[in-house]
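Commentary on secondary and tertiary structure
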Amino acid sequence: MARLDDSARALYRSEMAAAAATTKPDERWRHLERAHIVSQPDPWLHTCNHVAMFRFAVGQHDRREAIGQVVRIVVAAPGSLTGRYPEGNTGRVGAGLMTPMPIPDDIAATLVA
């Protein structure tokens, strides 16, 4: 199982805090997506991120996203534990469950460091 180092955990916490602090839905999703990319190797953080996405989707009355997040909550920890997750995936329903995506440069630099 891959572990996150301290700098990756700090980036995750920073993105989750930024998501919680903003009142703009698009900004909140952006921060949650970035936190998702960072969290994927860690079963607990990965699952917590999808729970946060689920809660936000419910608050936005986005039924499709909320249902998609329930599926992702169920598979997040096993995917992290087995290393079977699509790197760079933003974790949203529109991204597809197993579609790899490019990792933003600043996040990639933190994950490699």
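Residues numbered from 1 in each chain as written. Predicted model: local features only at pLDDT ≥ 70, side-chain atom pairs only at ≥ 80, totals over all residues. Heavy atoms only, no water.

As recorded by an unreviewed UniProt entry, the protein chain carries the name DUF3703 domain-containing protein and is attributed to Gordonia westfalica.

Right, let's get into the overall build of the protein chain. What the protein chain contains, in helices and strands, is five helices and zero strands. Starting at the N terminus and ending at the C terminus, the protein chain contains elements arranged as α-α-α-α-α. What you see for the protein chain is a C-alpha radius of gyration of 13 Å, in line with the 13 Å of a compact globule of 113 residues. In terms of principal-axis extent, the alpha carbons of the protein chain reach across some 40 × 30 × 20 Å. Expressed as a percentage of the 113 residues in the protein chain, the buried residues total 45%. Surface summary for the protein chain: the accessible area is close to 6,200 Å², and the carbon and sulfur share equals 60%. (Helix = DSSP H or I, 4+ residues; strand = E, 2+ residues; numbered from the N terminus. Rg over C-alpha atoms; globule rule 2.2 N^0.38 Å. Buried < 20%, exposed > 50% of the residue type's maximum accessible area, 1.4 Å probe, protein only. Areas by Shrake-Rupley, 256 points an atom, 1.4 Å probe, with all protein chains shown as cover.)

Moving on: the packing of aromatic side chains. Under the definition given, this model contains one aromatic pair. Directly above the ring of Trp29 sits Arg92, whose terminal nitrogen or CZ lies 3.7 Å from the centroid. (Phe/Tyr/Trp six-rings, centres within 6.5 Å; stacked < 30°, edge-to-face > 60°. Lys NZ or Arg CZ within 6 Å of the ring centre and 35° of its normal.)

Time to look at the pattern of salt bridges. Evaluated as defined, the whole model comprises six salt bridges. Residue Arg92 is joined to Glu33 by a salt bridge in which the shortest nitrogen-to-oxygen separation is 3.1 Å. Of the two residues, Arg92 is situated in the loop between helix 4 (63–82) and helix 5 (105–112) and Glu33 in helix 2 (residues 25–39); the sequence distance between them amounts to 59 residues. On the basis of relative accessible area, Arg92 is assigned to the buried category, the value being 18%. (Salt bridge = Lys/Arg side-chain N within 4 Å of Asp/Glu carboxyl O.)

Attention now goes to the environment of Ala95. By secondary structure assignment, the location of Ala95 is in the loop between helix 4 and helix 5. In contact with Ala95, other than residues within four places in its own chain, are Asn89, Thr90 and Met101. (Contact = heavy atoms within 4.5 Å.)

Right, let's get into unusual backbone geometry. Unlike most non-glycine residues, His61 shows phi in positive territory, near 60°. Of note, His61 is situated in the loop between helix 3 (43–59) and helix 4. A relative accessible area of 74% means that His61 is categorised as exposed.

The subject of this paragraph is helix 1 (residues 6–21). One turn of the α-helix equals 3.6 residues, which is why residues spaced by three or four share an orientation. Relative to the 22 Å expected for 16 residues at 1.5 Å per residue, helix 1 spans 22 Å between its end C-alpha atoms, a close match to the ideal helical length. Residues of helix 1 that are buried include every one of Ala8, Leu11, Tyr12, Glu15, Met16 and Ala19, and no others. All buried residues of helix 1 fall inside an arc of 130° around its axis, so they share one side. Exposed side of helix 1, more than 90 degrees from the buried face: Asp6, Arg13, Ala20 and Ala21 are the residues found there. (Expected span 1.5 Å × (residues − 1). Arc of directions from axis to C-beta.)

Attention shifts here to the nonpolar core. One finds Leu4, Tyr12, Met16, Trp29, Leu32, Val38 and Ile107 to be the most contacted residues of the largest nonpolar core, which totals 18 residues. Elements with a minimum of two residues in this core: helix 1, helix 2 and helix 3. For Leu4, the contacting residues outside a window of four places in its chain are Arg9, Val38, Ser39, Pro41, Asp42 and Leu45. (Core = buried A, V, L, I, M, F, W, Y, C linked by side-chain atoms within 4.5 Å.)

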